[in-house]
Amino acid sequence: MSGDEGSTVRVVRGRAATREADRAATERMREAAGETGEPGFRAWTPHRQVAFGRRDARTEGYDRAREAAESRGYPTVERSVGGRAVAYTGRTVAFASAVPAGEGRAGLDDRYEAATTAVVRALRGLGVAARRGEPPESFCPGAHSVQAHGKICGIAQRVRRDAALVSGVVVVADHEELAAVLDPVYEALGVPFDPESVGSVARGGGPADSERVCRALEDAFVGDAERRVEEAGDIAE
């Protein structure tokens, strides 16, 4: 979504008060992109949780997977995009790029390409030798991933008639904690998972600083566009 000079991007910063309000802030950013044609971007640290994908919810071991997460202090939610379970410690960064989808699903590959390129650029700017791809048996396995000493980022996409939301998770630190909670979760779901496959910005030689990661992602996605900044708590109300 990297904006050109002279264009405007709605930038949403911060975390809303609850998990529900947090999701509402992202959804309203996506809706606004479709209604106004103005793209939006958000990078933040979601509340501590394990978020399950649609495929997880249809798996026989889903209830056991939820119990495994909750018994380790991770509330569980279901997310609307595809992919498998991801975990957030409270310092893990999420990002969402909302773009008008006049071309619908025809622009799917281009949006994935642009997002992956932006994530790699952001992480390299933080001193991480990031590259595309993922190790075997990674969390939320998928073709659109970024790695450096383990998987750092996974990217997913949800397309509606008027706008698309390209979103992802970036592990900043806490890779050992994330591996420890995801191991029993994936075992219950019957999905192969190697705890050693979890990387992080810190493990890759970058800063264990969520705010710096958020700003690096914002700069990479928004580029030279003018930023119209709002707080997540304000638009979630």
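Reading the values: the criteria
- Residues numbered from 1 in each chain as written.
- Predicted model: local features only at pLDDT ≥ 70, side-chain atom pairs only at ≥ 80, totals over all residues.
- Heavy atoms only, no water.
- Phe/Tyr/Trp six-rings, centres within 6.5 Å; stacked < 30°, edge-to-face > 60°.
- Helix = DSSP H or I, 4+ residues; strand = E, 2+ residues; numbered from the N terminus.
- Buried < 20%, exposed > 50% of the residue type's maximum accessible area, 1.4 Å probe, protein only.
- Contact = heavy atoms within 4.5 Å.
- Arc of directions from axis to C-beta.
- Patch = residues over 30% accessible without salt bridge, like charges linked within 9 Å, V, L, I, M, F, W, Y side chains within 5 Å.
- Areas by Shrake-Rupley, 256 points an atom, 1.4 Å probe, with all protein chains shown as cover.
- Salt bridge = Lys/Arg side-chain N within 4 Å of Asp/Glu carboxyl O.
- Lys, Arg positive; Asp, Glu negative; His and termini not counted.
- Charge placed at Lys NZ, Arg CZ, Asp CG, Glu CD.
- Pairing = 2+ DSSP bridges.
- Axes fitted to C-alpha atoms, helices over the stretch in contact; angles between N-to-C directions.
- Polar contact = N/O pair within 3.5 Å; in protein donor to acceptor, adjacent residues only side chain to side chain.

As annotated in an unreviewed UniProt entry, the protein chain is Lipoate--protein ligase family protein from Halogeometricum luteum.

## Some thoughts on the packing of aromatic side chains
Here the structure, examined in full by the defined rule, presents 4 aromatic pairs. With centroids separated by 4.8 Å and ring planes inclined at 20 degrees, the aromatic side chains of Phe41 and Phe221 adopt a geometry described as stacked. One end of the pair, Phe41, is in strand S2 (residues 40-44); the other, Phe221, is in helix H6 (residues 210-222), and 180 residues separate them in sequence. Look at Phe41 and you get buried, because its relative accessible area is 0%. Centroid distance Phe52 to Tyr62: 5.2 Å. Interplanar angle 90 degrees. Geometry classified as edge-to-face.

## Quick word on unusual backbone geometry
Phi is positive for Glu137, which is not a glycine, with a value near 55 degrees. In this fold, Glu137 is placed in the loop between strand S7 (131-132) and strand S8 (145-147). For Glu137, a relative accessible area of 44% translates into the label partly exposed. Here Cys140, not a glycine, exhibits a phi torsion of approximately 40 degrees, which is positive. Along the chain, Cys140 turns up in the loop between S7 and S8.

## Details of the side chain of Thr45
Within the secondary structure, Thr45 is located in the loop between S2 and strand S3 (49-52). For Thr45, a relative accessible area of 18% puts it in the buried group. Excluding its chain neighbours within four sequence positions, the residues that come into contact with Thr45 are Arg15, Gly90, Arg91, Thr92, Val93 and Ser210.

## Some points on helix H3 (residues 62-71)
Among all positions in H3, only Tyr62, Ala65, Ala68 and Ala69 are buried. Along the axis of H3, the buried residues cluster in a sector spanning 120 degrees; they form a single face. Residues of H3 that are exposed and point more than 90 degrees away from the buried face comprise Asp63, Arg64, Glu67 and Ser71. The inward-facing, buried residues of H3 abut S3, helix H2 (54-57), strand S4 (76-78) and helix H5 (175-189). The first or second residue beyond H3 is Gly73, which carries a positive phi of 85 degrees.

## Regarding a negative patch on the surface
Together, Glu137, Asp183, Glu187 and Asp194 line one region of the surface with negative charge. For Glu187, the location among the structural elements is in helix H5. The class of Glu187 is exposed, set by a relative accessible area of 63%.

## What about the environment of Val93?
As for its position among the elements, Val93 is in strand S6 (residues 93-100). Residues Val93 and Trp44, spaced 49 residues apart in sequence, show a C-alpha to C-alpha distance of 5.5 Å. Beyond its immediate stretch of four places on either side in the chain, Val93 contacts Trp44, Thr45, Pro46, Gly168, Val169, Val170, Val172, Ser210, Val213, Cys214 and Leu217.

## Examining the sheet that holds strand S11 (residues 226-231)
A sheet is described by the order of its strands in space; here 8 strands give the open sequence S7-S8-S9-S10-S6-S2-S1-S11, paired in mixed fashion. Strand pairing shows two members of the sheet lacking a second neighbour, S7 and S11, which therefore form its edges. In the sheet, S2 pairs with S6 via 5 bridges, with the strands oriented antiparallel. Following the sheet pairing, Arg42 is matched in S6 by Ala96. Against the sheet, helix H4 (residues 108-125) touches S6, S7, S8, strand S9 (151-159) and strand S10 (163-170), its axis set at about 150 degrees to S9.

## Here we look at the environment of His175
With respect to the helices and strands, His175 occurs in helix H5. Between the alpha carbons of His175 and Ser200 there is a distance of 5.9 Å; along the sequence they are 25 residues apart. Beyond its immediate sequence surroundings of up to four residues, His175 is in contact with Val198, Gly199, Ser200 and Arg203. A distance of 2.9 Å separates polar atoms of two side chains, one belonging to His175 and the other to Ser200.

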